[in-house]
Amino acid sequence: MPRAGLTTDRVVAAAAELADEVGFENITVSALARHFGVKDASLYSHVKNLQDLRTRLAFFAGAEMIDRIGAAVAGRAGKDALAAFAGAYRAYALEHPGRYAATQIRIDQALVADSPVLRRTAEITYGMLRAYGLEEPDLTDAVRLLRSTFHGYCALEANGGFGAPRDVEESWHTAVAALHGALEHWPRKH
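Residues numbered from 1 in each chain as written. Predicted model: local features only at pLDDT ≥ 70, side-chain atom pairs only at ≥ 80, totals over all residues. Heavy atoms only, no water.

Asks: I keep staring at the layout of surface pockets and nothing clicks. Help me out?
Replies: It is a probe the size of a water molecule, rolled over the atoms, that shows where empty space is left. Volume-wise, the largest pocket comes out at about 910 Å³. Taken together, 27 residues line the largest pocket, and the ones lying closest to its centre are Thr103, Leu118, Thr121, Val143 and Arg147. Of all the secondary-structure elements, those providing two or more residues to the lining of the largest pocket are helix 4 (50–73), helix 5 (78–95), helix 7 (109–113), helix 8 (116–130) and helix 9 (138–158). For the lining of the largest pocket, the residue count by class is 18 nonpolar, six polar and three charged. Of the volumes computed, that of the second largest pocket is approximately 260 Å³. What lines the second largest pocket is Thr8, Asp9, Val12, Lys48, Asp52, Thr55, Arg56, Phe59, Phe60 and Leu111. Elements with a contribution of two residues or more to the lining of the second largest pocket: helix 1 (8–22) and helix 4. A total of five residues in the lining of the second largest pocket trace back to one element, the largest contributor, which is helix 4. Taken together, the residues that form the lining of the second largest pocket break down as four nonpolar, two polar and four charged. (1 Å grid on protein atoms, 1.4 Å probe; cavity = no way out; pocket = protein on both sides within 12 Å on 5 of 7 lines; lining within 4 Å. Points joined across faces, edges and corners; volume = space filled by probe spheres on them. Helix = DSSP H or I, 4+ residues; strand = E, 2+ residues; numbered from the N terminus. Nonpolar A, V, L, I, M, F, W, Y, C, P; charged D, E, K, R; others polar.)

Asks: I'm lost on the side chain of Arg99 in this one. Help?
Replies: Residue position: Arg99 is located in helix 6 (residues 97–102). You can call Arg99 buried: its relative accessible area is 5%. A distance of 2.5 Å separates a polar atom in the side chain of Arg99 from a polar atom in the side chain of Glu17. Ignoring anything within four residues of it in the chain, the contact list for Arg99 reads Ala16, Glu17, Ala19, Asp20, Phe60, Ala61, Glu64 and Tyr92. (Buried < 20%, exposed > 50% of the residue type's maximum accessible area, 1.4 Å probe, protein only. Polar contact = N/O pair within 3.5 Å; in protein donor to acceptor, adjacent residues only side chain to side chain. Contact = heavy atoms within 4.5 Å.)

Asks: Where do I start with the nonpolar core in this structure?
Replies: The nonpolar side chains of a soluble globular protein tend to be buried with one another. With 33 residues, the main nonpolar core has Ile69, Leu82, Leu129, Phe150 and Leu183 as its most contacted residues. Of all the secondary structure elements, the ones that give two or more residues to this core are helix 4, helix 5, helix 8, helix 9 and helix 10 (168–184). Counting residues per element, this core draws most heavily on helix 5, which supplies nine residues. The residues touching Leu183, leaving out its near neighbours within four places in the chain, are Leu82, Leu129, Tyr132, Leu134, Ala142, Leu146 and Arg188. In terms of nonpolar packing, the next biggest core, distinct from the first, is built from 23 residues, Ala15, Ala19, Ala102 and Ile107 among them. (Core = buried A, V, L, I, M, F, W, Y, C linked by side-chain atoms within 4.5 Å.)

Asks: Would you mind showing me how to read the packing of helix 8 against helix 9 here?
Replies: Helix packing geometry: the angle between the two helix axes and the distance between the axes. Interaxial distance between helix 8 and helix 9 falls to 10 Å at its minimum, and their mutual angle equals 110 degrees. If you check the angle between helix 8 and helix 9, you find them roughly perpendicular. The segment helix 8 lies against helix 9, with Thr125, Tyr126, Met128, Leu129 and Arg130 engaging Leu139, Thr140, Ala142, Val143 and Leu146. (Axes fitted to C-alpha atoms, helices over the stretch in contact; angles between N-to-C directions. Parallel < 35°, antiparallel > 145°, perpendicular 65-115°, else oblique.)

Asks: I'm lost on the pattern of salt bridges in this one. Help?
Replies: It is possible for side chains of opposite charge to pair when their charged atoms get near one another. Scanning the entire structure with this criterion turns up eight salt bridges. Among the ionic contacts, a cluster of salt bridges with common partners joins Glu17, Asp20, Glu64 and Arg99. (Salt bridge = Lys/Arg side-chain N within 4 Å of Asp/Glu carboxyl O.)

Here it is as structure tokens:
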């Protein structure tokens with residue numbers, strides 16, 4: 001019988017907080033059980049195993065992140081939408097490093113197909129890119145370019161990887177402007 005007060009949502013939300021404190025890779029069922037003052041077995045009424053917990057955390061963090069991005073891009077198009085999207089992405093990654101790391105894991109494709117979070121992420125991302133006149137396969141290529149650029153920049157920034165005296169914020173804005181230029185002049189497939 002599940003312990004009173006514990007729910008799957010509470011367990012996942014606590015895992016998100018813990019991930020930001022200790023790092024996503026350090027999340028364990030035991031650490032989470034200690035947080036609640038219960039035995040590990042009490043949590044298995046709410047999550048199957050560590051992989052299930054991490055997958056649920058990935059969906060939880062992905063929903064938070066795309067909600068933030070969706071609010072930022074609402075009513076915008078082109079360069080303004082791209083800048084808002086990029087800014088919301090970066091802010092989330094830097095404010096919630098453990099949760100952000102969860103959004104980068106590979107998820108079982110059977111779960112991906114049924115995920116409203118991933119559908120919403122695709123709708124917002126592809127919708128923003130369609131303003132540039134992109135269609136498949138260019139859309140997929142553009143998504144990969146944006147994701148790898150944003151992720152790489154955020155990872156380097158979070159780890160102090162930018163040592164040059166140039167302001168990191170200025171470099172970010174320049175990178176986003178360069179991406180806008182690349183999207184406007186995309187080498188379309190025929």
